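What follows is each chain in one-letter form.
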Amino acid sequence: MTGLLPAPGLTGLLLGTTPPGVYRLPPTDTAPRVAALAAEAEWRAAPLHLGGVTTKKAFLDRCATDLEFPEWFGRNWDALADCLTDLSWWLEEGKARGYLLVTEDWETFRKAAPKDARTAEAIFGDAVDHWADAESPLAVLLG
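Residues numbered from 1 in each chain as written. Predicted model: local features only at pLDDT ≥ 70, side-chain atom pairs only at ≥ 80, totals over all residues. Heavy atoms only, no water.

The protein chain is annotated in an unreviewed UniProt entry as Barstar (barnase inhibitor) domain-containing protein of Streptomyces albireticuli. Listed under Sequence similarities (unreviewed entry) in UniProt, the entry text for the protein chain is "Belongs to the barstar family." (UniProt positions renumbered as here; feature names shortened; annotations may be inferred.)

Here you go:
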């Protein structure tokens, strides 16, 4: 299971002292607050609302909608990996210091579809690794 964001928490991630990764959203933070802090630090945040999502299909549909994936998104695991290692759909908005994907209601999805949640988490991890040495890294917070 993904661990909590190490000290100094979100501040360290946004300032670059904590390496990008897939972390649990600290229980004291909310996705809107994280998005606001990310914007202040010149990171681009994207919320992924998973309330009511209990299947792989619903998860991929929500990714397409909430993350505004391009038309070519094929709504399968390979396509999710492609979108998260391409980011051209996100980069069009201009340069950022980093990119932060913030899920809401991750536990609901994880409990309803544990195998699919593990697959999604592995894809998130691979995408974070792909961008780790880039000028603008990717990090994921599971909330």
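Draft legend 1. Spatial organisation of the packing of helix H4 (residues 77-86) against helix H7 (residues 114-131). Viewed as axis vectors pointing N to C, H4 and H7 meet at an angle of 25°, and their least axial separation amounts to 9 Å. In this view, H4 runs roughly parallel relative to H7, as classed from their interaxial angle. Crossing angle aside, the handedness with which H4 passes H7 is right-handed. Along its contact with H4, which presents Trp77, Leu80, Ala81, Leu84, Thr85 and Asp86, the element H7 presents Asp116, Thr119, Ala120, Ile123, Phe124, Ala127, His130 and Trp131. Split into classes, the residues belonging to the contact of H4 with H7 amount to nine nonpolar, three polar and two charged. (Axes fitted to C-alpha atoms, helices over the stretch in contact; angles between N-to-C directions. Helix = DSSP H or I, 4+ residues; strand = E, 2+ residues; numbered from the N terminus. Parallel < 35°, antiparallel > 145°, perpendicular 65-115°, else oblique. Left-handed = near helix turned anticlockwise from the far one by under 90°. Contact = heavy atoms within 4.5 Å. Nonpolar A, V, L, I, M, F, W, Y, C, P; charged D, E, K, R; others polar.)

Draft legend 2. Broad picture of the environment of Glu68. Mapped onto the fold, Glu68 is located in the loop between helix H3 (56-66) and H4. Taking the C-alpha atoms as reference, Glu68 lies 7.7 Å from Trp89; in sequence the two are 21 residues apart. Every residue in contact with Glu68, bar those within four places of it in the chain, is listed here: Cys63 and Trp89.

Draft legend 3. Layout of the packing of aromatic side chains. Applying the stated criterion to the full structure yields seven aromatic pairs. On the basis of an interplanar angle of 10° and a centroid distance of 4.7 Å, the ring pair of Phe59 and Phe109 is categorised as stacked. Within this pair, whereas Phe59 is found in helix H3, its partner Phe109 is found in helix H6 (residues 106-112), the two being separated by 50 residues in sequence. Connected via pairs of aromatic rings, a cluster forms that spans Phe59, Trp77, Trp106, Phe109 and Phe124. (Phe/Tyr/Trp six-rings, centres within 6.5 Å; stacked < 30°, edge-to-face > 60°.)

Draft legend 4. Representation of the sheet that holds strand S1 (residues 22-24) within the structure. An order of S1-S4-S3-S2 is seen for the four strands of this open sheet, with the pairing classed as parallel. Of all the strands in the sheet, the pair left with one neighbour each is S1 and strand S2 (43-49). The sheet shows a mean angle of 20° between the axes of neighbouring strands, direction not considered. The pairing of S2 with strand S3 (residues 98-104) spans seven bridges and is parallel. By the bridge assignment for S3, Ala46 is matched with Leu101. Taken strand by strand, helix H2 (residues 31-40) contacts S2, S3 and strand S4 (138-142), and its axis lies near 175° from that of S3. (Pairing = 2+ DSSP bridges.)

Draft legend 5. Local environment of the side chain of Asp116. Looking at where Asp116 falls in the secondary structure, it is placed in helix H7. No salt bridge is formed by the buried Asp116; its nearest oppositely charged neighbour, Lys56, is found at 5.8 Å. Beyond its immediate stretch of four places on either side in the chain, Asp116 contacts Thr55, Lys56, Trp77 and Phe109. (Buried < 20%, exposed > 50% of the residue type's maximum accessible area, 1.4 Å probe, protein only. Lys, Arg positive; Asp, Glu negative; His and termini not counted. Salt bridge = Lys/Arg side-chain N within 4 Å of Asp/Glu carboxyl O.)

Draft legend 6. Just the environment of Ala58, in detail. Position of Ala58 relative to the elements: it lies in helix H3. Ala58 sits in the partly exposed class, given a relative accessible area of 24%. Counting along the chain gives 17 residues from Ala58 to Arg75, while the straight-line C-alpha distance between them is 9.6 Å.

Draft legend 7. Molecular detail of the nonpolar core. Counting residues in hydrophobic clusters, the biggest one holds 36 residues, and the most contacted among them are Phe59, Phe69, Leu80, Leu84, Trp106 and Phe124. Of all the secondary structure elements, the ones that give two or more residues to this core are S2, H3, H4, helix H5 (88-91), S3, H6, H7 and S4. Element by element, the count of residues in this core is highest for H7, at seven residues. Look past the residues within four positions of Leu80 in its chain and what remains in contact with it is Phe59, Leu60, Cys63, Phe69, Phe73 and Ile123. Counting residues in each nonpolar core, the second largest holds 15 residues, with Leu13, Ala31, Ala41 and Val102 among its members. (Core = buried A, V, L, I, M, F, W, Y, C linked by side-chain atoms within 4.5 Å.)

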